[in-house]
Amino acid sequence: MKSSLVSLLLVSGLTTALNVSAFEPSKPSCIAPAKPGGGFDLTCRILSTGFANAGITDIPMAVTFMPGGVGAVAYNYINSTTPDDPNKLVAFSSGSLLNIAQGKFGQGLDENDARWVGTAGVDYGAIMVRADAPWNNLKELVDDIKKDPSKFILGAGGGVGSQDWMKAAIVVKSAGVDPKKMRYVAYEGGGEASAALLGGHIKVYPGDVGEMKGLLEAGKIKVLGIMSPERLKGEFSKYPTAIEQGFDAEWTILRGYYLGPKVSDEAYNYWADQFKKAYNNPAFQKAVADQNLVPFTMSGPALDSYIKERVGFMRGLAKEAGLIQ
């Protein structure tokens, strides 16, 4: 009897173990919740290229685009249509979290309506202008803005209260300018905003430094200040921070991925484990570095808890700024 019981337990344990590791992706994809170009596209490319080069997944990961509401359309789509699809990872940024904190992703949807699974890295805000603009540093630009804020049209991805708006607001506020006096144009994503800057439709773009590498190398834009706590390393080390130019302005952007809220534990744990493998793989590390992101290695339940705490913190900031009640 004892022998039969032991055998039964062993078989049961083996079956459980097999079930835990049974999930394998069939048609993995990364949804970039904006048009091509910009930070969400960059985030998905890191995942698709980094995982492929690192040999993490055997099946190539497709990148699809779902613009709308700076992530709101994708968030609603996942929740209403495919909440349990284990093959769909969606890119998010700190801007997504800020919008969730302000209730901009839809009534009844909050940070608990996704399973936050992995990260790509962190980027930093940057104040950028066209290469032929008359300003060569942040002080020159802000001095001109202070003379008449209504003459300066700023634009970026997301509306008032978005993280790009926050970047500009933090800079001008630190110079004694009321952020509400800024003339701000909202675009769907970084690609549209950078195109508007190059076309002369806006004068200032408070974007993310990582996504602007190509335009910088082409000599089409210039960075007046990077909103990092200290100077970045490598090719961006020549650009001064906003802080060292006398502005109390820092903004760190987290980039990562979530799954639908009803995705099984087996699938969730599978993807969390793949991210853990990727973080230690030189090929994935290179994909992150190639996009000028700083490594930030957190996945699975630890990331899920971190994101929920972060959204709570941002909700408090939004209330202080009078953006929400």
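Everything numeric here is computed off the predicted structure, so don't read it as measured data. (Residues numbered from 1 in each chain as written. Predicted model: local features only at pLDDT ≥ 70, side-chain atom pairs only at ≥ 80, totals over all residues. Heavy atoms only, no water.)

A.B. asks: Run through the overall build of the protein, naming residues and quoting values.
C.D. replies: Within the protein one finds 11 helices and nine strands. Taken over the C-alpha trace, the protein has a radius of gyration of 22 Å; the compact-globule value for 325 residues is 20 Å, and the two agree within 12%. Projected onto the principal axes, the alpha-carbon positions of the protein cover approximately 90 × 45 × 30 Å. Burial analysis of the protein (325 residues in total) assigns 53% to the buried set. Considering only residue pairs separated by 6 or more positions, the protein has 79% of its internal contacts joining residues 24 or more positions apart. Entry remark: accessible area of the protein is about 14600 Å², with carbon and sulfur atoms responsible for 54%. (Helix = DSSP H or I, 4+ residues; strand = E, 2+ residues; numbered from the N terminus. Rg over C-alpha atoms; globule rule 2.2 N^0.38 Å. Buried < 20%, exposed > 50% of the residue type's maximum accessible area, 1.4 Å probe, protein only. Contact = heavy atoms within 4.5 Å. Areas by Shrake-Rupley, 256 points an atom, 1.4 Å probe, with all protein chains shown as cover.)

A.B. asks: An account of the packing of helix α4 (residues 94-101) against helix α11 (residues 300-320) is requested, with residue identities and associated values reported.
C.D. replies: A pair of packed helices can be characterised by two numbers: the angle between their axes and the separation between those axes. The N-to-C vectors of α4 and α11 enclose an angle of 60°; their axes lie 8 Å apart at closest approach. For the element pair α4 / α11, the angle class is oblique. Crossing hand, α4 versus α11: right-handed. Counted together, Ser94, Leu97, Leu98, Ile100 and Ala101 of α4 and Ile307, Arg310, Val311, Met314 and Arg315 of α11 form the full contact between these two elements. Grouping the constituent residues of the contact of α4 with α11 by class yields seven nonpolar, one polar and two charged. (Axes fitted to C-alpha atoms, helices over the stretch in contact; angles between N-to-C directions. Parallel < 35°, antiparallel > 145°, perpendicular 65-115°, else oblique. Left-handed = near helix turned anticlockwise from the far one by under 90°. Nonpolar A, V, L, I, M, F, W, Y, C, P; charged D, E, K, R; others polar.)

A.B. asks: Give me the side chain of Ser194: which residues, what numbers.
C.D. replies: Tracing the sequence through the fold places Ser194 in helix α7 (residues 190-198). Take Ser194: its relative accessible area is 11%, and that puts it in the buried class. There is a polar contact of 3.0 Å between the side chain of Ser194 and the backbone oxygen of Gly191. The residues touching Ser194, leaving out its near neighbours within four places in the chain, are Tyr205, Met212 and Leu215. (Polar contact = N/O pair within 3.5 Å; in protein donor to acceptor, adjacent residues only side chain to side chain.)

A.B. asks: Lay out the pattern of salt bridges with the relevant residues and their values.
C.D. replies: Under the counting rule described, the total for this entry stands at 16 salt bridges. Salt-bridge contacts for Asp265 lead to Arg115; the nearest nitrogen and oxygen are separated by 3.0 Å. Highlighted residues: Asp265 in helix α9 (residues 265-279) and Arg115 in strand β4 (residues 115-130), separated in sequence by 150 residues. Residue class for Asp265 comes out partly exposed when judged on its relative accessible area of 48%. (Salt bridge = Lys/Arg side-chain N within 4 Å of Asp/Glu carboxyl O.)

A.B. asks: Requested: an account of the nonpolar core, with residues and values cited.
C.D. replies: Ranked by internal contacts, the top residues of the largest apolar core, which has 70 residues, are Trp116, Leu138, Leu141, Ile226 and Tyr258. The element best represented in this core is β4, accounting for seven residues. When residues no more than four places from it in sequence are discounted, the contact partners of Ile226 are Tyr124, Gly125, Ala126, Val209, Leu232, Phe236, Tyr239, Pro240, Thr241 and Ala242. Grouped together as the second largest cluster of nonpolar side chains are 33 residues, Val70, Tyr257, Trp271 and Phe284 included. (Core = buried A, V, L, I, M, F, W, Y, C linked by side-chain atoms within 4.5 Å.)

A.B. asks: An account of the environment of Ala54 is needed here, citing residue identities and associated values.
C.D. replies: Locating Ala54 in the fold gives a position in helix α2 (residues 39-54). Since its relative accessible area comes to 15%, Ala54 is described here as buried. For the pair Ala54 and Lys277, spaced 223 residues apart in sequence, the C-alpha separation works out to 9.0 Å. Setting aside residues no more than four positions away along its own chain, Ala54 makes contact with Asn281, Ala283 and Phe284.

A.B. asks: Describe helix α5 (residues 138-147), with residues and values.
C.D. replies: In an α-helix there are 3.6 residues to a turn, and that puts residues three or four apart on one side. Taken together, the buried positions of α5 are occupied by Leu138, Leu141, Val142 and Ile145. For α5, the angular spread of the buried residues around the axis is 95°, confining them to a single face. Contacts made by the buried residues of α5 are with β4, α6 (163-174) and β8 (221-226). The backbone nitrogen of Lys139 has a side-chain oxygen 3.1 Å away, supplied by the residue at the start of α5, namely Asn137. (Arc of directions from axis to C-beta.)

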